[in-house]
Protein chains: 2
Amino acid sequence: MWCVETAAETRQERKARTRRAILAAALDIADEQSLAALSLRQVTREVGIVPTAFYRHFASVEQLGLALVDESFASLREMIRDVRRGNPELHGVIRGSVGVLVEHVHDQRAHFRFIGRERFGGVPAVRTAIRHELELFERELATDLARLSDLDAWTSEDLRVLANLIVNAMVSTAEGIISAPPEQPDAERAIIRTAEKQLRMIVVGAANWRSS
Amino acid sequence: MWCVETAAETRQERKARTRRAILAAALDIADEQSLAALSLRQVTREVGIVPTAFYRHFASVEQLGLALVDESFASLREMIRDVRRGNPELHGVIRGSVGVLVEHVHDQRAHFRFIGRERFGGVPAVRTAIRHELELFERELATDLARLSDLDAWTSEDLRVLANLIVNAMVSTAEGIISAPPEQPDAERAIIRTAEKQLRMIVVGAANWRSS
DNA sequence: CCTTTGAGTGAACAACCGTACACTCAAACC
DNA sequence: GGTTTGAGTGTACGGTTGTTCACTCAAAGG
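In this text the structure is predicted, and so the values were computed from the model without any measurement.

Calculation criteria
Residues numbered from 1 in each chain as written. Chains lettered and ligands numbered in written order. Predicted model: local features only at pLDDT ≥ 70, side-chain atom pairs only at ≥ 80, totals over all residues. Heavy atoms only, no water. Least-squares fit on C-alpha atoms with pLDDT ≥ 70 in both. Contact = heavy atoms within 4.5 Å. Domains from an automatic or database assignment. Salt bridge = Lys/Arg side-chain N within 4 Å of Asp/Glu carboxyl O. Polar contact = N/O pair within 3.5 Å; in protein donor to acceptor, adjacent residues only side chain to side chain. Helix = DSSP H or I, 4+ residues; strand = E, 2+ residues; numbered from the N terminus. Near = heavy atom within 4 Å. Nonpolar A, V, L, I, M, F, W, Y, C, P; charged D, E, K, R; others polar. Axes fitted to C-alpha atoms, helices over the stretch in contact; angles between N-to-C directions. Parallel < 35°, antiparallel > 145°, perpendicular 65-115°, else oblique. Phe/Tyr/Trp six-rings, centres within 6.5 Å; stacked < 30°, edge-to-face > 60°. Buried < 20%, exposed > 50% of the residue type's maximum accessible area, 1.4 Å probe, protein only. Core = buried A, V, L, I, M, F, W, Y, C linked by side-chain atoms within 4.5 Å.

Moving on: the relation of the copies chain B and chain A. The transform that puts chain B on chain A rotates by 180 degrees and translates by 0.0 Å along the axis, for an RMSD of 0.0 Å. Such values leave the two copies arranged in the relation of a two-fold axis. In terms of C-alpha distance to the rotation axis, chain B has G205 of chain B as its closest residue, with the C-alpha 1.7 Å off the axis. A share of 100% of the interface residues of chain B reappears at the interface of chain A, consistent with the copies meeting face to face through the same patch.

Here we come to the domain arrangement of chain A. Residue and element names in this part refer to chain A. Assigned domains of chain A: these are domain 1 (9-58) and domain 2 (60-207). Computed from C-alpha atoms alone, the centre-to-centre distance between domain 1 and domain 2 is 28 Å. Across the contact, 16 residues belong to domain 1 and 17 residues belong to domain 2. Our count for the domain 1 to domain 2 interface comes out at one salt bridge. The interface formed by domain 1 and domain 2 holds six residue pairs in polar contact (both at pLDDT 80 or more) in total. A total of five residues in the side of domain 1 that touches domain 2 trace back to one element, the largest contributor, which is helix α1 (residues 11-29).

Turning to the protein's contact with DNA strand D, a few remarks are in order. Surrounding DNA strand D, one finds 19 residues, the nearest of these being R41, R45 and Y55 of chain A together with R56 and H57 of chain B. Counting only the atoms of DNA strand D that lie within 4 Å of the protein, the sugar and phosphate share comes to 51%. In this structure, T10 of chain A approaches DNA strand D through a side-chain N or O atom, which is 2.8 Å from a phosphate oxygen. With respect to DNA strand D, the side chain of H57 of chain B contributes an N or O atom lying 2.6 Å from a phosphate oxygen. Counting only elements with at least two residues in the surface near DNA strand D, the list comes to α2 (40-47) of chain A together with α1 (11-29) of chain B. The residue inventory of the surface near DNA strand D, partitioned by class, reads six nonpolar, six polar and seven charged.

Take the packing of helix α8 (residues 185-207) of chain A against helix α7 (residues 156-178) of chain B next. Where α8 of chain A meets α7 of chain B, the closest approach of the two axes is 10 Å, and the angle between their N-to-C directions is 75 degrees. In terms of orientation, α8 of chain A lies roughly perpendicular with respect to α7 of chain B. On α7 of chain B, the residues touching R193, T194, K197, Q198, M201 and I202 of chain A of α8 of chain A are E157, D158, V161, L162, N164 and L165 of chain B. For the contact of α8 of chain A with α7 of chain B, a count of residues per class yields five nonpolar, three polar and four charged.

Next up on the list: unusual backbone geometry. Although it is not a glycine, E183 of chain A adopts a positive phi angle of roughly 60 degrees. By the element assignment, E183 of chain A lies in the loop between α7 (156-178) and α8.

Let us look at the protein's contact with DNA strand C. Close to DNA strand C lie 20 residues; R56 and H57 of chain A together with R41, R45 and Y55 of chain B are nearest. Each atom of DNA strand C within 4 Å of the protein was assigned to sugar, phosphate or base; sugar and phosphate come to 51%. One nitrogen or oxygen atom from the side chain of K15 of chain A is found 2.9 Å from a phosphate oxygen belonging to DNA strand C. Contacts to DNA strand C include T18 of chain A, whose side-chain N or O atom sits 3.3 Å from a phosphate oxygen.

This paragraph deals with the packing of aromatic side chains. Aromatic ring pairs are described here by two measures, namely the spacing of the ring centres and the angle between the planes. One pass over the full model with this rule turns up six aromatic pairs over all chains. For the pair F54 of chain B and Y55 of chain B, a centre-to-centre distance of 5.9 Å together with 85 degrees between the ring planes defines the contact as edge-to-face. Owing to a relative accessible area of 0%, F54 of chain B belongs among the buried residues under this scheme. A connected cluster of aromatic rings, assembled from ring pairs, spans F54, Y55 and F58 of chain A.

What follows deals with the nonpolar core. Inside soluble globular proteins, nonpolar side chains tend to come together where they are buried. L162 of chain A together with F114 and L162 of chain B are the most contacted members of the largest nonpolar core, which has 120 residues in total. Non-local contacts of L162 of chain A, meaning those with residues more than four positions away in its chain, are made with L145, L151, W154, I202 and A206 of chain A together with M201 of chain B.

Below, the structure is given as structure tokens:
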């Protein structure tokens, strides 16, 4: 089982490497096509392996898609950890959160793109997986919100509704940034301003909301 | 040019009919696949014509997609007309608007599904066409909002931001209704409740917003 | 050291794809 | 009434797809 570490790759390292290569290639292709229109052969061609070798790693393209969902939401969770680190002052928390979002969208562009596209895309299993993950994410946000001083009297349903509103606004923001003309900072800055204003509007609404 | 009206179809009537049949078939197929993964042959097979006949009506599947975008937003504009007809009382306007939305989503289900799926789908031209239409829609809503008494002092930018927030929430609501388990009224009613609450939160936020 | 394992190979398949081209034949036109 | 037009036909083509099957051959294991 255990061998002395040699310079050459161990067998499972090698396998893990091509698996990651497949995921990367698929994500790369899915940036301009949708997952449903992506062919197994296209992926293996880009990886540099023969089509049939694909099955050593995934039973189908659908399974590949589910793995990509996992991968994407792992990086998303990393993002929310960064947000939690921010200072809890109101004005700062808004600008900071949007900033973290924008930053993560930039260097996890492919993941966000994938989620945005496949959320309502052609592969049902992937669709429901994303919906489920997004729901978990929303629930997490709701419990975070519950800890804020102004919102501790809210019902859990109202918190969920608020979290849903925020998540939707943020998802739209992310999708806007992704499909904005690349590296034209004006359009992007406008989107960021909009996002910040919307969050502030939502917060103002929340502050004046009396839970029924 | 002009002939006496006979029982048989005129030539252009016939052409228009198969064109509509193509659009309907494509919309039907796109309900479970995405447009990018839809084949010309699949469509013509469902219509009952030979593949090459497709080109008499559309130069490509992309053009078909753009036609579908037009068709879909035509019905959406019809919806907004219905909303304008509603009474302007605050509580009523929210419940009424959500009601109209839900109703239209139900009997234009395929159109809404198509827009939701292709908004970030695999065909760039269709994507940008939808984005453009949605932007027009948003602008219309902003001018509608400007007529409300509480909002007449707002800057046009703030109105656009507010309209964007509302449209995003409504789009999410529509997508939620579409992908809710069909004809299970509980899930759908929960979505409707959420949508109404979110609109109310946004309105509360707007009411307490001082335009900068 | 010999055996087992399993990631990757390579050829072959049936099915489907988009599109080119020459055609029919009834309605539209002069 | 003869001619033109154009929606729809039928065949055929080269290319891509998913999946099968028997295979190699180096690392892992006893």
